[in-house]
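Each chain is listed here by its residues.
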Amino acid sequence: MSDPFRSIAPGQRTIQKPSGLEGRGYLTGTAVELNFYPAEPDTGIVFIRTDLPGKPEIPATIDYVIPRQRRTSIGQDNAVIEMIEHVMAALTGLGIDNCRVEMNAAETPGCDGSSQAFVEALRRAGIRDQHVPARIWSIDQQITVNEGGMSLTAMPGSGTAFELNYTLDYANHPIIGQQVHDFELFEGEFERELSSARTFVLESEVEQLRAAGIGRHCTAQDLLIFGPDGPIENSLRYPNEPVRHKMLDVIGDLRLLGCRIHGRVVAHKSGHSLNAELVRAILAASGKAG
Ligand SMILES: [Zn+2]
């Protein structure tokens, strides 16, 4: 029988023991080891560059976001962490409030383009309740951000969870088309619904990205490349895998607020820069902008 009270436990959570994985970054192809460590209550999510002198720490919050195309990256002084969104989504989706994430290179492992490998590493570590009330940001007013035909609106939700509705519009693409999906962040739901949804690009974008030095080592097995007939040399995990991946990205990016969110977010074609803009707008509306 299913438990009617499935919302994520109200206490702060961390992991029980260290756990990690190895891989290569999408952008650079650089080999990297990423290790998750337990952290004290109210630490939040902090990335650490163990390969740099002094092992600099970078909190994964909006104040440390640096401008990037098609990804979310954070930095402080000369230390950067590129493409944090799928790691952030895994931590948020599992309801982990506090975690130290050590890396020995600048870019997170790309894995299969989803959050699955990070979720598996965190599950191996186990989750531990810290018996301190969770920090929860309840959206209490409607806040909208727009940019070039994309929009993102946060509003009070119907219950005590994070709800997300996303409309992906690739109306000109014969296979992707328009995809709409709804999600509510209950315990276990991220793993069932979103964590394995992979990054996708259009075949027509691939040459352009490679010319910019991005993903040169990637093959059609490392992410979804959509041609006119569907994914090239790959198959979909869900019929609407693209919209599910965009939702995974939103969940990872909104975690830059620094805590859990209760409320509803409605997204229309949003990407990383607009997701970050919504976090800034939520902080500004509450008078807590830095
Ligand atoms: Zn993504």
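Note that the structure is a prediction, hence the values are computed from the model and not measured. Residue positions are given per chain, counted from 1 along the sequence in the order it is written. For this predicted model, a pLDDT threshold of at least 70 governs which residues receive local features, and a threshold of 80 or more governs which side-chain atom pairs are given and counted, while totals over whole chains, interfaces and linings are taken from all residues.

### A short note on the sheet that holds strand β8 (residues 79-81)
Strand pairing is defined by DSSP finding a minimum of two bridges between the two strands. Where helices and strands are cited, they refer to DSSP runs of H or I of at least four residues and of E of at least two residues respectively, numbered from the N terminus. Across the sheet, which stays open at both edges, the three strands sit in the order β6-β7-β8 with antiparallel pairing between neighbours. Each edge of the sheet is formed by a strand with only one pairing partner; in this case those strands are β6 (65-66) and β8. Pairing between β6 and strand β7 (residues 73-76): two bridges, direction antiparallel. Its bridge partner being in β7, Ile66 is matched across the sheet by Ser73.

### A word on the domain arrangement of the chain
Each domain of the chain was delimited in the assignment, giving domain 1 (11-133) and domain 2 (136-285). Where each domain starts and ends comes from a domain assignment, either automatic or drawn from a database. On a C-alpha basis, the centres of domain 1 and domain 2 stand 19 Å from each other. Counting only elements with at least two residues in the side of domain 1 that touches domain 2, the list comes to α1 (85-93) and α2 (116-125). Here the side of domain 1 that touches domain 2 gets seven residues from one element, more than from any other, and that element is α1. Three categories are distinguished: nonpolar for Ala, Val, Leu, Ile, Met, Phe, Trp, Tyr, Cys and Pro, charged for Asp, Glu, Lys and Arg, and polar for the others, with Gly belonging to the last. For the side of domain 1 that touches domain 2, the class distribution of residues is 10 nonpolar, 13 polar and four charged.

### Some words on the environment of Tyr26
Locating Tyr26 in the fold gives a position in the loop between β2 (19-24) and β3 (31-38). For Tyr26, a count of 26 C-beta atoms within 10 Å translates into the label buried. The spatial distance from the C-alpha of Tyr26 to the C-alpha of Leu168 is 23 Å, given a sequence separation of 142 residues. Excluding residues that lie within four positions of it along the chain, Tyr26 makes contacts with Met83, Gly110, Gly215 and Cys218. Counting other C-beta atoms within 10 Å of each residue's C-beta, where C-beta atoms are placed from the backbone, gives the exposure class: buried for 20 or more, exposed for 12 or fewer, partly exposed between. For the purpose of contact definition, each residue receives a C-beta atom placed from its backbone, and two residues are in contact when these atoms lie within 7 Å.

### What about the sheet that holds β2?
Two modes of strand pairing occur in sheets, parallel and antiparallel, and in both the strands are linked by backbone hydrogen bonds. Ordered by their spatial adjacency, five strands build an open sheet running β2-β3-β9-β4-β5, and the pairing between neighbours is mixed. Each edge of the open sheet is held by one strand with a lone partner, namely β2 and β5 (57-59). Each neighbouring strand pair of the sheet contributes to a mean axis angle of 20 degrees, computed without reference to strand direction. Axis lines are fitted through C-alpha atoms, for helices just across the contact stretch, and the angle between N-to-C directions can take any value from 0 to 180 degrees.

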